Amino acid sequence: MAEAFFAYPELRNPFEDTPIHPEGSTTVLYQGKKITLDETGEGDDLLIRSEDLPAVNGFELKPEGACFADLCIPIKDDLLVEQNGRQWFNLTAFANLLDQQYVADIESRVWSFAEIPAKRENMMVNAMAPDFEIEDRQGNVIRMADFKGKKALIVTWSSW
Amino acid sequence: MPVWQQVYEEVNDPNFVIICVAEDTGGEAVAGPIFDAANPSYIQIIDQDHMISSIFNFVNVPSAAWIDEDGRIVRIDEGTYSKVHEMGDGDQSITFGNDVYSPAIKDWVAKGADSEHVQSAETVTGNIRQHTDDQLKADAAFRLGNLFRNHGKAAKADHYWNMAKELNPDSINFIRQNLTLSEEGSAGETFMNLMGQYMAEGKEFYRPLDIE
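Conventions we followed
- Residues numbered from 1 in each chain as written.
- Chains lettered and ligands numbered in written order.
- Predicted model: local features only at pLDDT ≥ 70, side-chain atom pairs only at ≥ 80, totals over all residues.
- Heavy atoms only, no water.
- Contact = heavy atoms within 4.5 Å.
- Buried area = accessible area lost by both parts, 1.4 Å probe.
- Salt bridge = Lys/Arg side-chain N within 4 Å of Asp/Glu carboxyl O.
- Polar contact = N/O pair within 3.5 Å; in protein donor to acceptor, adjacent residues only side chain to side chain.
- Helix = DSSP H or I, 4+ residues; strand = E, 2+ residues; numbered from the N terminus.
- Nonpolar A, V, L, I, M, F, W, Y, C, P; charged D, E, K, R; others polar.
- Pairing = 2+ DSSP bridges.
- Phe/Tyr/Trp six-rings, centres within 6.5 Å; stacked < 30°, edge-to-face > 60°.
- Buried < 20%, exposed > 50% of the residue type's maximum accessible area, 1.4 Å probe, protein only.
- Core = buried A, V, L, I, M, F, W, Y, C linked by side-chain atoms within 4.5 Å.

(A) The arrangement of the interface of chain A and chain B in detail. With 61 residues of chain A at the interface, the matching set in chain B holds 94 residues. Carbon and sulfur atoms supply 63% of the area that chain A and chain B bury against each other, a total of about 7,000 Å² over both sides. For chain A, the biggest contributors to the area lost against chain B are A:K151, A:W157 and A:W160; these three give 15% of the whole. Counting every contact that joins chain A to chain B gives six salt bridges. The closest approach of N and O atoms between A:R137 and B:E28, which form a salt bridge, is 2.5 Å. At the junction of chain A and chain B, the tally comes to 36 residue pairs in polar contact (both at pLDDT 80 or more). Within the residue set of the side of chain A that touches chain B, elements represented by two or more residues are β1 (26-30), β9 (102-105), β10 (110-113), α3 (117-126), β11 (133-135) and β13 (151-157) of chain A. Counting residues per element, the side of chain A that touches chain B draws most heavily on β13(A), at seven residues. Split by residue class, the side of chain A that touches chain B holds 33 nonpolar, 14 polar and 14 charged. By the bridge criterion, seven bridges tie β13(A) to strand β1 (residues 16-22) of chain B in an arrangement that is parallel. Looking at β1(B), one finds that A:W157 is bridged to B:A22.

Laid out in structure tokens, this is it:
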């Protein structure tokens, strides 16, 4: 076990300088996914096309509001923004409404979102495991829901 | 990792899965060979964004969640060791780990809800760390830094990793992952000093293990 504690000098900064996304695009990080948006509005708020919402955070615009499963958030006027003759969905205002934390590097057009607290409530209150999606080493998508009917041990470790 | 393969083989129950997650921004290059050496048949994930730790509010490795057939967490956030380890020398040496955890897992798989190691929802929710808005934001900052590092932008990567460490100073994961980039590595003087400070402040790396 001891050898695993040492750093890997040759791997300290192994990555080449490459563009994060094509010129003019925007990147959103959420739940381990990296979503590249070709079109967004201008300014310090993240304004996205309504049709990009499901890909970005799983919510969908419906007559009753922005919905994820049973959770529907009524859309207030300030969430829909007119700019250059087009309507945009203000994703950062939506995050603020949901108490969802985020960090943005506006210069690089990257927004990184933390988990939405309302989606964690079933774990924090009822001890129900939250669903997640992550790829295994073979490239299979692993979802918590896949293990219904089985006992699962999720264990973390690290090389460091 | 061999220990989990051993547990998996000994239990040998088609209704039991082990999902083993490496929290390693270095990815396959650093975690892959360690997995391979264990010759594992369980599910192996290399979680470069530390997403699993973030989902369960873990601040250190190794940690774990036991999840039953209905998706209920029945134990969470304990140091998942299979034996007692010693780290460092002389005055600075520390011992950690235990040899009761893996037998408890086997008992749970065999007996299910009747196992004495299954905890109530109330106990489990009491053991899930309550993360503040800042701590949740730290996860977002860490991932942002990670994206920049993966694209060779070290200055921005360092900026957001530092932000993550400041927003969640309890995260041993962030501190040690960051130290892997330093000359002294993740278990050098800086880490040993931090660990001493952490313990002096009465902070817990994990929830207390109440298995006899």
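(B) Inspection of the environment of A:F68 at higher detail. Note that A:F68 resides in strand β5 (residues 65-68). The spatial distance from the C-alpha of A:F68 to the C-alpha of A:S50 is 14 Å, given a sequence separation of 18 residues.

(C) Up close: the packing of aromatic side chains. Counted under the stated rule, the structure contains 16 aromatic pairs over all chains. On the basis of an interplanar angle of 75° and a centroid distance of 6.4 Å, the ring pair of B:Y8 and B:Y42 is categorised as edge-to-face. Of this pair, B:Y8 sits in helix α1 (residues 2-11) while B:Y42 sits in the loop between α2 (28-37) and β2 (43-46); the two residues are 34 residues apart in sequence, bridging distant segments of the chain. Through pairs of rings, three or more aromatic residues link up here, namely A:W157, B:Y8, B:F16, B:F35, B:Y42, B:W66, B:Y101 and B:W108.

(D) Here's a closer look at unusual backbone geometry. Residue and element names in this part refer to chain B. Cis geometry is adopted by the peptide bond preceding P62, which originates at V61 and carries an omega value of -10°. Structurally, P62 is set in the loop between α3 (51-56) and β3 (64-67). At N12, a position not held by glycine, the phi torsion is positive, near 45°. Positionally, N12 belongs in the loop between α1 and β1. Judged by relative accessible area, N12 falls into the exposed class, the value being 64%.

(E) Molecular detail of the pattern of salt bridges. Tallied over the full model, the rule gives 19 salt bridges over all chains. Linking A:E107 and B:K156 is a salt bridge whose minimum nitrogen-to-oxygen distance equals 2.5 Å. Here A:E107, found in the loop between β9 and β10, pairs with B:K156, found in helix α7 (residues 154-167), and the two come from separate chains. The class of A:E107 is exposed, set by a relative accessible area of 69%. Here B:R149 ties to B:D158 by a salt bridge, and the two come within 2.9 Å at their closest N and O atoms.

(F) Molecular detail of the nonpolar core. Counting 27 residues, the largest nonpolar core has A:I154, B:I19, B:F56, B:I67 and B:I73 as its most contacted members. Every element with two or more residues in this core is listed here: α3 and β13 of chain A together with β1, β2, α3, β3 and β4 (73-76) of chain B. Among the elements that line this core, the one with the most residues is α3(B), at four residues. Not counting the four nearest positions on each side in its chain, B:I67 is found in contact with A:A129, A:M144, A:K150, A:K151, A:A152, A:I154, B:F56, B:R72, B:I73 and B:W108. B:W4, B:A22, B:A38 and B:I46 belong to the second-largest nonpolar core, a separate cluster that totals 25 residues.

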